[in-house]
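# Inside the fold
The chain contents come next:
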Amino acid sequence: MSAVPLVLLAAAWVILPGLAVGVAAGLRGIAAWGAAPLLSVGLIAGSAVAASLLGVPWSGMVPVATAALFALVVVGTRRLVARRPLLPTPARVRERTASAWEALRTGGPDRRWTGLAAFGGMLIAWVLGFRAAIRGMDRPDALSQTFDSNFHYNAVARILNTADASSLTVGGLVNSPGFYPSAWHDVVSLVVPLTPGPGEIVVASNVVALVTTLLIWPLSVLLLVRTLVGRSAGAALAAPVLSLGFIAFPWTLVTYGALWPNLLGVALIPAALATVAIAARPGLGTAPASPARRGPYPPGRVARWFPVAAAVPALGFAHPNALFGLVVVAVPPVLWGLAGAVRRSLRSGLRANLRTLATVPVVAAVGAGLAWFMFVSPILDGIRGYYWEPQVGFLGAVRNALLHSPDGNDPAWSIALLTVAGSIVALRRSRTAWLVPSHVLVCTLYIIGASTWSSVWTGVWYNDAPRIAALVPVTAAPLAALGLVALCSLARRVACVARDALTRAAPSVQAWPRPRAAVLVAVGVLAVVVTSGGLYQRSHIDQLAGIYQTPEQVLVGPEQAQFLRYAGELLPADAVVAQNPWAGTAMLWPLTDRQVLYPHLTGVWSEDQLLIADRLREASTDPAVCAAVAETGLGYVITAPPTFWEPDPLASNWPGLDDLHEADGFELLAEDGDNALWRITACDAGRVVGS
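Please read all numbers here as calculations on a predicted model, not as lab measurements.

Criteria and cut-off values
Residues numbered from 1 in each chain as written. Predicted model: local features only at pLDDT ≥ 70, side-chain atom pairs only at ≥ 80, totals over all residues. Heavy atoms only, no water. Helix = DSSP H or I, 4+ residues; strand = E, 2+ residues; numbered from the N terminus. Expected span 1.5 Å × (residues − 1). Buried < 20%, exposed > 50% of the residue type's maximum accessible area, 1.4 Å probe, protein only. Arc of directions from axis to C-beta. Patch = residues over 30% accessible without salt bridge, like charges linked within 9 Å, V, L, I, M, F, W, Y side chains within 5 Å. Areas by Shrake-Rupley, 256 points an atom, 1.4 Å probe, with all protein chains shown as cover. Salt bridge = Lys/Arg side-chain N within 4 Å of Asp/Glu carboxyl O. Pairing = 2+ DSSP bridges. 1 Å grid on protein atoms, 1.4 Å probe; cavity = no way out; pocket = protein on both sides within 12 Å on 5 of 7 lines; lining within 4 Å. Points joined across faces, edges and corners; volume = space filled by probe spheres on them. Nonpolar A, V, L, I, M, F, W, Y, C, P; charged D, E, K, R; others polar.

Turning to helix α25 (residues 558-570), a few remarks are in order. Spanning 13 residues, α25 covers 19 Å between terminal C-alpha atoms, matching the ideal 18 Å at 1.5 Å per step. Along α25, the positions that sit buried rather than exposed are Gln560, Ala561, Phe563, Leu564, Ala567 and Gly568. Along the axis of α25, the buried positions cluster into a sector of 160°, meaning they face one direction only. Facing away from the buried side of α25 by over 90 degrees, the exposed positions are Pro558, Glu559, Gln562 and Glu569.

Written out as structure tokens, the structure is:
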């Protein structure tokens, strides 16, 4: 519970900037709240790039100022397009204020019951998810014992050290030039300054993982369901709760890797998919807002296309894998919308026909360009070159996709049945029918990825089945919500028929109230939660505990973490420390704010770093080593035996750091078992190297 204030802080960062811009764009109610994380992530990561290019140090004021500026630009653009004065008259301000108060009093565009149902669904999701997180992580400062955690922790440390959070520079942590998606690290870096105690980066990372899982993802699914079915209180209640019932996402990506940038990106895909549906809504048959019945999405081209334009950079900065996932699931709604527009234009005049016919080749050209980039372009050859051993056979992959049980997990029968029911219901309406082929597409990608070594179709996801499996809940979660609402509606019809039949036999039965649909959905949600063990909480807890409490491969044990903290107290603030990252010592930087020379298990190391790794113990006799020490600012060494993925051949790439107790020119500062801290004296001023 000590982390709750930090959770609220992280929630504020991923909600408030985007909420301000969304409201300025005309979004209201669930639409404004659901789109807020998508817009916030885009604003935070985009402002980090802009600040870096302009030479502005990174801090919380950068995204705050950017959000305020964007809100003003969006408001001004909307007023210019609508040919209204940029500054409204006092009478207009009073009118809009009264209108806003009336909308707030009556529940806004979602109606009061739908808004309350959405809040209730989010609250239930929070309770279930927070319980799983507490039992799985155990402590707010628990370390993620995974391959990629070194990079993510140290990337945040580098951002805080350099005041540069740009996605164009974060890859410099491992000397990798070019773009690296840093939205995740940017958000964590905004939480760290207010995190008390040592290991702030670790605590902040866990907090942002929690907020992504329990707030961003359910809100994103809620927005997609609201876009699909309108003001349904039952759907608004069911969607956030059921979204946390899938093991493939979000729980697997919290621990696998740990792929935290992927976690953030995929959590935003449903909201981004909702923006695509909004843009295509004329062809999908969705009734636009009108003065008589105001909706959460205002009419006009700006309101239709602004969310889509914002979604693309947001997903790109979170992780390009998520952007590629959006491309796949967005194909059906775009084709549905285009087909509807063509059909409608045939009944209209010549101008409408020409406009629609001109759109078709544009959409085809964009689709062909995206397909070439994803599946053929040499730019992504390095990503497509990854090979993973097949997890299961073809039939096993089909079974896993249908039962939502990837990687040997127990079948999620309740979720699977609801998904099937939702698919049947979705096919009956033009507004929701496209969701089924989208679901089939991501399931097919998962089957290919899980049952083959590699494929041209799964290359942009590193041919990695868990990354692809995480896309399945993007479409399955709204389908499950539709299925639960449909089954409860069916139960209501059956109950009404039974009531009418009983009324004929006993007229007094007519006084019995008819069951309300939303109440039956609430009962249905409760039944699913109870019969599935709290939406399969045991699996979710085990998934988290397997990384945070009982890992098979330990990167940093408790004793070593304690030694690293002690070493940090002995080191000066500007120290640079050489170490073998396969021994877990790269965690010195996020735990103590003392910079390490090798911040990740792998990297594009410089010539000086390679020389130090190979021959540092020869510093007293080799002037080239001292030159490299001076160039890197190195002053200290931490030695420990490699423990992660032991034995791994890459762990032997640091022979220059071995057996320093037998080498000349190293002063022992601290020692605890196999862990030791040394000061490099061989290159001190006044000492003649080689003498």
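The next subject is a nonpolar patch on the surface. On the surface, a cluster of nonpolar side chains totalling about 320 Å² of accessible area is made up of Val331, Leu335, Trp336 and Leu441. Top element by residues in the nonpolar patch is helix α14 (residues 320-345). It accounts for three residues. Tracing the chain through its elements places Val331 in helix α14.

Extensive coverage of strand β5 (residues 675-680) is indicated by the burial of five of its six residues. With four bridges connecting them, strand β3 (residues 636-639) and β5 associate as antiparallel partners. If you follow Ile638 over to β5, its bridge partner there is Leu677. Of the pairings in the sheet, the one linking strand β4 (residues 666-672) to β5 comprises six bridges and is antiparallel in character. Residue pairing for β5: Glu671 is matched across the bridge by Ala676. Where β4 folds back on β5, the antiparallel hairpin that results is connected by two residues, among which Gly673 adopts a positive phi of roughly 65°.

In total, this model carries six cavities of 30 Å³ or more according to the counting rule given. For the largest cavity, the calculated volume is near 80 Å³. Phe246, Ile247, Ala248, Asn400, Ala401, His404, Pro406, Tyr446, Ala469, Val472 and Pro473 are the residues that line the largest cavity. The set of elements that each furnish at least two residues to the lining of the largest cavity consists of α10 (247-255), α17 (394-403) and α22 (472-505). Split by residue class, the lining of the largest cavity holds nine nonpolar, two polar and no charged. In this structure, the second largest cavity spans a volume of roughly 60 Å³. In this structure, the second largest cavity is lined by Gly245, Phe246, Ile247, His404, Asn409, Asp410, Ala412, Tyr536, Ser539 and His540. In terms of residue class, the lining of the second largest cavity is built from four nonpolar, five polar and one charged.

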